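Geometric and topological summary
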Amino acid sequence: MARVGEGKLAERLRRETRGEVLFDAASRGRYSTDASIYQIEPLGVLVAREPDDIAAAIQIAREEGVPVLPRGAGTSQCGQTVGEALVVDVSKHLNRLVSVDVEARRATVQPGIVLDHLNKLLRPKKLFFPVDVSPSNRATIGGMTGNNSCGSRSIRYGNMVHNVHAVDAILADGSAHRFGPVPGNLADAAGDRRLVDLVQRMRALHGREAEEIDRRIPKLLRKVGGYNIDMIDPAGHNMAHLLVGSEGTLGFFTQVHLDLKAIPAHRTLGICHFPTFYSAMDATQHIVKLGPGAVELVDRTLIDLSRDIAMFRPTVDRFVRGEPQAILLVEFAGDDREDCVRRLAQLVELMGDLGFPDGVVEAVDPAFQAAVWEVRKAGLNIMMSMKGEGKPVSFIEDCAVPLADLAEYTRRLDEVFAKHGTSGTWYAHASVGTLHVRPILNLKEEAGAKKMRAIAEEAFAMVREYKGSHSGEHGDGLVRSEFHRPMFGDRIVRAFEEVKDAFDPGGLFNPGKIVHPSKMDDRSLFRWKPGYKSLPVATALDWSEWGGFLAAVEMCNNNGECRKSDPGVMCPSYRATKDEQHVTRGRANTLRLAVTGQLGNDRFADPAVKAALDLCLSCKGCKRECPTGVDMARMKIEFQHQWNQANGVPLRERVVAHLPRYARVAATLAPVLNLRNRIPALARLSERMLGLAADRPLPEWRRDRFDAAGADGRAEGEGPEVALFVDSFTAAFEPENARAAKRVLVAAGYRVACIAAEDGGRALCCGRTYLAAGMVEEAKAEARRALAPLAAAARRGVPIVGLEPSCLFSFRDEHQVLGLGEDAQTVAGKAVMFEEFVAAERAAGRFTPNLRPASAAAVLHGHCHQRAFGTVGAVEAMLKLVPGLTLSTIDAGCCGMAGAFGYQAEHAAVSRQVAEAGPLPRVREAPADAVLVAAGTSCRHQFADLAARPAVHPVRLLADHLAGPSGRG
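Residues numbered from 1 in each chain as written. Predicted model: local features only at pLDDT ≥ 70, side-chain atom pairs only at ≥ 80, totals over all residues. Heavy atoms only, no water.

1. Quick notes on the confidence of the model for the protein chain
To be explicit about the condition: Per-residue confidence from the predictor is reported as pLDDT, which spans 0 to 100. Any two residues having at least one pair of non-hydrogen atoms within 4.5 Å are treated as being in contact.
Averaged over every residue, the pLDDT of the protein chain is 93; residues scoring 70 or more account for 98%. Here residues 1-5 is modelled with pLDDT under 50, and outside its nearest four sequence neighbours on either side it reaches 16 contacts, counting other chains as well.

2. Remarks on helix α38 (residues 872-879)
Note the cut-off: Summary of the burial criterion: residues with accessible area below 20% of their type's maximum are buried, those above 50% are exposed, and those between are partly exposed, where the area comes from a 1.4 Å probe applied to protein chains only. Elements are defined by DSSP. Helices are runs of H or I of four residues or more, strands are runs of E of two residues or more, and each kind is numbered from the N terminus. Starting at the helix axis, one direction is taken to each C-beta atom, and the arc is that of these directions.
The complete set of buried residues in α38 reads Val 872, Ala 874, Val 875, Met 878 and Leu 879. Projected down its long axis, α38 shows its buried positions confined to an angular sector of 155°, all on one face. Where α38 is buried, its residues meet α36 (834-843), β25 (858-861), α37 (864-868), β26 (887-890), β27 (931-934) and α42 (954-960).

3. A look at the side chain of His 815
The residue His 815 is located in the loop between α34 (805-812) and α35 (822-830) in this model. A residue is classified by how much of its surface remains accessible, and His 815, at 1% relative accessible area, is buried. When residues no more than four places from it in sequence are discounted, the contact partners of His 815 are Cys 766, Ala 783, Leu 787, Ser 810, Leu 820 and Ala 824.

4. Topic: a nonpolar patch on the surface
The cut-off we apply is this: Residues enter patches when they are more than 30% accessible in relative terms and free of salt bridges; like-charged ones are connected within 9 Å and nonpolar ones (Val, Leu, Ile, Met, Phe, Trp, Tyr) within 5 Å. Surface exposure here means Shrake-Rupley accessible area, sampled with a 1.4 Å probe, where a residue is shielded only by the protein chains that are shown. By convention in these notes, a salt bridge is any Lys or Arg side-chain nitrogen within 4 Å of a carboxyl oxygen on Asp or Glu.
A contiguous nonpolar surface patch, about 750 Å² in accessible area, is contributed by Val 665, Leu 669, Val 672, Leu 673, Leu 675, Ile 679, Leu 682, Leu 685 and Met 689. Among the elements that take part in the nonpolar patch, helix α29 (residues 680-690) stands out by supplying 3 residues, more than any other. By the element assignment, Leu 675 lies in the loop between α28 (670-673) and α29. With a relative accessible area of 34%, Leu 675 lands in the partly exposed category.

5. Details of the nonpolar core
What counts is decided by this rule: By convention a nonpolar core is built from buried Ala, Val, Leu, Ile, Met, Phe, Trp, Tyr and Cys residues, the set being connected through side-chain atoms within 4.5 Å.
Grouped together as the largest cluster of nonpolar side chains are 131 residues, with contacts concentrated most on Leu 328, Phe 395, Ile 396, Leu 413 and Leu 591. Ranked by residues supplied to this core, first place goes to helix α33 (residues 776-795) with 9 residues. One finds Leu 186, Leu 205, Val 256 and Leu 258 within the second-largest nonpolar core, a separate group that totals 53 residues.

6. Description of the sheet that holds β25
Keep this limit in mind: Strand pairing is defined by DSSP finding a minimum of two bridges between the two strands. As a rule, the C-alpha atoms of each element are fitted with a line to give its axis, helices using only the stretch in contact, and angles between N-to-C directions run from 0 to 180 degrees.
The sheet built from 4 strands is open, its strands ordered β26-β25-β27-β28 with parallel pairing. The two strands at the open ends of the sheet, each matched to only one other strand, are β26 and β28 (951-952). Across 4 bridges, the pairing between β25 and β26 is parallel. If you follow Ala 858 over to β26, its bridge partner there is Leu 887. Sitting on the sheet, helix α41 (residues 937-947) is in contact with β25, β27 and β28, with an inclination near 145° to β27.

What follows is the structure, encoded as structure tokens:
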């Protein structure tokens, strides 16, 4: 197919569509990958705004001679959504639930709607769409339809092809049709000549090849390879079945009509433990006879890796008993609770009969079940959290075999891995004989690619022997299409080509997928092409834990968890903009392209990277919530340092960064400096000179600042010693929080010392403001100044208690990669947030202040760094020490302020968007007489400014409830 210059194509798209047209190198680079091993740069990207944009793009592409590639979340694992084509992204705007027919149990949706979002909208109607794929919080219905997705409960509900009633699609010739049920007499399609022609051609194909189809297409539920020609029936069939699983190669979906199911009223879960992997596989064929809705495997590797991820560790420790080599999650669901409980009891009995007494952990509580399933759903990405060059690679993971052969198949495949000097990770759908297995390979090397092909050929030969399916869930794409010929034979492959030619004779849609494929091991198509390497970069931070900066960036495997639609922290700027550029994955890809010289100018400090990182709030959400451990906040520090080296530090960033050094002097000038918030002309001047938004009041300097070197620093109380670390912001802007902390600790029976600088000068600082500006050397100087006296206390065993999350956690996080030596490690071991200290001391029976009963309810918002380090639960427990306090927690993500971010004129609007997409609506809904509680100074200012709701630090709530003269009581 002829190619056209980008200029003309982009120009026409901008003129003839309302969508966002992205043709710059960085945007094309971000859309060149999905969750597979492949990377192919598209010609350009259109982010469609309305259905008419799709029709216009198809017409333009056809006239200009370029292919079209539909894309949703871009999470395909086989390379379906990458190619040298015009990529049309439907995920940002075309994501509506169009209609619901409750009586008929049917919904019509646009292709970009995310599964979890759809089910959230359906829940009030007691309906749901049952194809529960693991990436349900970001997978789009259009992508699921294109891939014929399946999910954990397919044994009960089937695949997408069994749950899609009809598909509205535009064909390559520009004609639009509804592909749905067509009776044998074609009566329902009589008015659509193009559709009638397609139906007749497909039925003729099936009639000619019926015997070959019966002989070569596997008789399994899990078979998604090629086109679904086995579902054609001259007596009447559903034409949507041909489009389901077509991977965007036949037509462009504009609407999908779904069959819905009633939400089961009850579920029970049995977590079956096995001493060997083989015994788990052998038991599956017996367990399915109990009629479960799901039987999912979790192997030893996944258990161990899950324990290394903070957000999963508590759940894994709760449901894993002992040291099993494999676990099966067996779910029973229905409207009769007693029946679900009875079948769970039968499972326990069966496990005893199989020789595994006491081998089942029973989960009846819905919250516990949900937590267990979250670990399983994250299985793929948890596997990818392995550090090092070797990664579990997806290419044979979708093979499905009959259950009776499952144990033997896994044993033989392990032997194949050993033969090639590697091993595999196993998890997923034991109930239907589809185990996701990923051999650990290094595809940066030619030897790794050769091993991949050898293992694939041997594995697929084994699957043929068992009359199984080589493509059982994730589709064909670039990785499996090549193997249709050995799996199905020449006649079936020619039939697939005939289907493609009937729908898309010019090959407009997503070429190279399903038919006419490239070689799966063509390294020129890999993300790690021959010659792939990092530019020479002298990093400021220590990245040795990952094997270097590039390896840390490469921990992003494009799984798209950062695009999730459900609450959490990650990724706040994406939730506001819905742009691929502003999601953690997009940032990681931009960094990777820059540091490997793929943006065209061979430099790391690239303007495209700066633009991608511009809206990163350094919330640390990805540090906790990304299953592969991508820490974009730390990467932003590194990049900002590199940018500063090349371009210098702007005035505004220097003014904010140096705040700890002039805060003491500023306190004496507080009345004058605070005039900026009272005189509009001064606010406008600050915006012109420093870029600080005139309509945002800045924190007010306090003359009564907290002085750890003066009267405030005198040790008080009797009992075990505690060192209170008072950060620069608390000391300068909210000294009452530090004083409240002292009162609470003294009332609870501790001797409190406020650690001051050894030179008796200005307050200690963690260096956070310098890190945010990328001024790493200055941050080190501040950190060393603080670490010296803090380390002395820590070596005496004194806990170091902090109040501001972003400051305190710097000791445990960034300080560990600044090359600060033993002092940094010593302090990190003793540095705790106030709530962590209270939780530990309360558990030891030591924290027992006398507190008055509450007179009002409290609403808590957790700071992003508290969430990232898992301390929000400790805050909740601490506040509940107040007798009678009714506490609710806002679980809605980032406030959007992020230090100075929300005050910057160019970011103020996005800061508001993040807040509105996150906690702000819940803050406004909080009862007027409730106390709003937030540990972060940024959060408190955001709520006061945007919702007119003052918030207090958690320690203030405790202090306000102290009984006796030390409190208000």
